[in-house]
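# Structure assessment
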Amino acid sequence: NPPEMRRGGAIADMKAPNPRRAGPLVPQVAMDAYRELGPPEAYADAAKTYAKKEIGNDPAGLAELARDLRRAFPDAESTRELAEDLARKAAKKGNQARYYLRYAEELLANGKKEEAREAAEKALKLAAPDKEALMRVQFFLRRLG
């Protein structure tokens, strides 16, 4: 008998397609699908799962995902709120000017001008040694008025 038969058919079972064993979509694939097809709430849920499973506490990944959420569905409340939350986490974890600036941008996009100013001022303090970052933060503050 072939080896797969001697093992009670386990190998044969593994070769046979079984959709119940496929499991959930990989978070990145789900995000890509919902970004193209919607709805925004499903995209936000997939992004939340992706952040938890794939990004963790990496500030660069959190900030990038926040930006992607804003670009994908700029008018959807679910993506705006998640983008703000992820940007806040990135700022707190990364404690760098670029992350506080991202957070400020998300706050401003959500109509929270004073909170955006506070985040930008924190970014300004952190940006002091980096001239390019300093210029970006100053430009943002000028836009605020």
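What follows is about the packing of aromatic side chains. Evaluated as defined, the whole model comprises one aromatic pair. Centre to centre, the rings of Tyr 43 and Phe 73 are 5.6 Å apart; their planes meet at 55°, and the pair counts as tilted. Of this pair, Tyr 43 sits in helix α4 (residues 40–55) while Phe 73 sits in the loop between α5 (59–72) and α6 (77–94); the two residues are 30 residues apart in sequence, bridging distant segments of the chain.

On to the environment of Val 29, then. Relative to the assigned elements, Val 29 resides in helix α3 (residues 27–37). On the accessibility criterion, Val 29 (44% relative accessible area) is partly exposed.

So, on to α5. With 14 residues, α5 ought to run about 20 Å at 1.5 Å a step, and its terminal C-alpha atoms sit 20 Å apart, in line with that. When we look at burial in α5, the residues that qualify are Pro 59, Gly 61, Leu 62, Ala 63, Leu 65, Ala 66, Leu 69 and Arg 70. Buried residues in α5 make contact with α3, α4, α6 and α7 (97–109).

The next subject is helix α9 (residues 131–144). Helix length check: α9, at 14 residues, gives a terminal C-alpha distance of 20 Å against a target of 20 Å (1.5 Å per residue), a fit within 8%. The set of residues buried in α9 consists of Ala 133, Val 137, Phe 140, Leu 141 and Leu 144. Looking down the long axis of α9, one finds its buried residues gathered within 100° of arc, a one-sided arrangement. Seen from the open side of α9, the exposed residues pointing more than 90 degrees away from its buried face are Lys 131, Glu 132, Met 135 and Arg 142. Taking the backbone nitrogen of Glu 132 as reference, a side-chain oxygen 3.2 Å away marks Asp 130 as the first, capping residue of α9.

Attention shifts here to the nonpolar core. Membership of the largest hydrophobic core comes to 39 residues, with the highest contact counts inside it found for Met 31, Leu 65, Leu 69, Leu 86 and Phe 140. In contact with Leu 65, not counting residues within four places along its chain, are Met 31, Ala 47, Tyr 50, Ala 51, Ile 55 and Leu 86.

For the rest of this paragraph, the subject is the confidence of the model for the chain. Taken as a whole, the chain shows an average pLDDT of 84; of its residues, 83% reach a score of 70 or greater. Confidence drops under pLDDT 50 across residues 1–23; counting only partners more than four residues distant or on other chains, this segment forms nine contacts.

What follows deals with the pattern of salt bridges. Across all of its chains, the model carries 10 salt bridges by this definition. A salt bridge links Asp 85 to Arg 88, with the nearest nitrogen and oxygen atoms 2.5 Å apart. Taken together, the positions of Asp 85 and Arg 88, both in helix α6 and three residues apart, correspond to about one turn of that helix. In this structure Asp 85 comes out as partly exposed when scored by relative accessible area, which is 25%.

Attention shifts here to the side chain of Glu 106. As for its placement among the helices and strands, Glu 106 is situated in helix α7. Glu 106 gets classed as buried once you look at its relative accessible area, which sits at 1%. Within polar-contact distance, the side chain of Glu 106 engages the side chain of Arg 70 at 2.6 Å. Looking at Glu 106, its side chain comes within polar contact range of the side chain of Arg 102, at 2.8 Å.

Here the focus is unusual backbone geometry. Omega for the peptide link from Gly 38 to Pro 39 comes to -5°, which places this bond in the cis form. Tracing the backbone shows Pro 39 in the loop between α3 and α4. A positive phi angle is found at Asn 95, which is not glycine, with a value near 45°. Inspection of the secondary structure puts Asn 95 in the loop between α6 and α7.

What counts, and at which threshold
Residues numbered from 1 in each chain as written. Predicted model: local features only at pLDDT ≥ 70, side-chain atom pairs only at ≥ 80, totals over all residues. Heavy atoms only, no water. Phe/Tyr/Trp six-rings, centres within 6.5 Å; stacked < 30°, edge-to-face > 60°. Helix = DSSP H or I, 4+ residues; strand = E, 2+ residues; numbered from the N terminus. Buried < 20%, exposed > 50% of the residue type's maximum accessible area, 1.4 Å probe, protein only. Expected span 1.5 Å × (residues − 1). Contact = heavy atoms within 4.5 Å. Arc of directions from axis to C-beta. Polar contact = N/O pair within 3.5 Å; in protein donor to acceptor, adjacent residues only side chain to side chain. Core = buried A, V, L, I, M, F, W, Y, C linked by side-chain atoms within 4.5 Å. pLDDT = per-residue confidence, 0-100. Salt bridge = Lys/Arg side-chain N within 4 Å of Asp/Glu carboxyl O.

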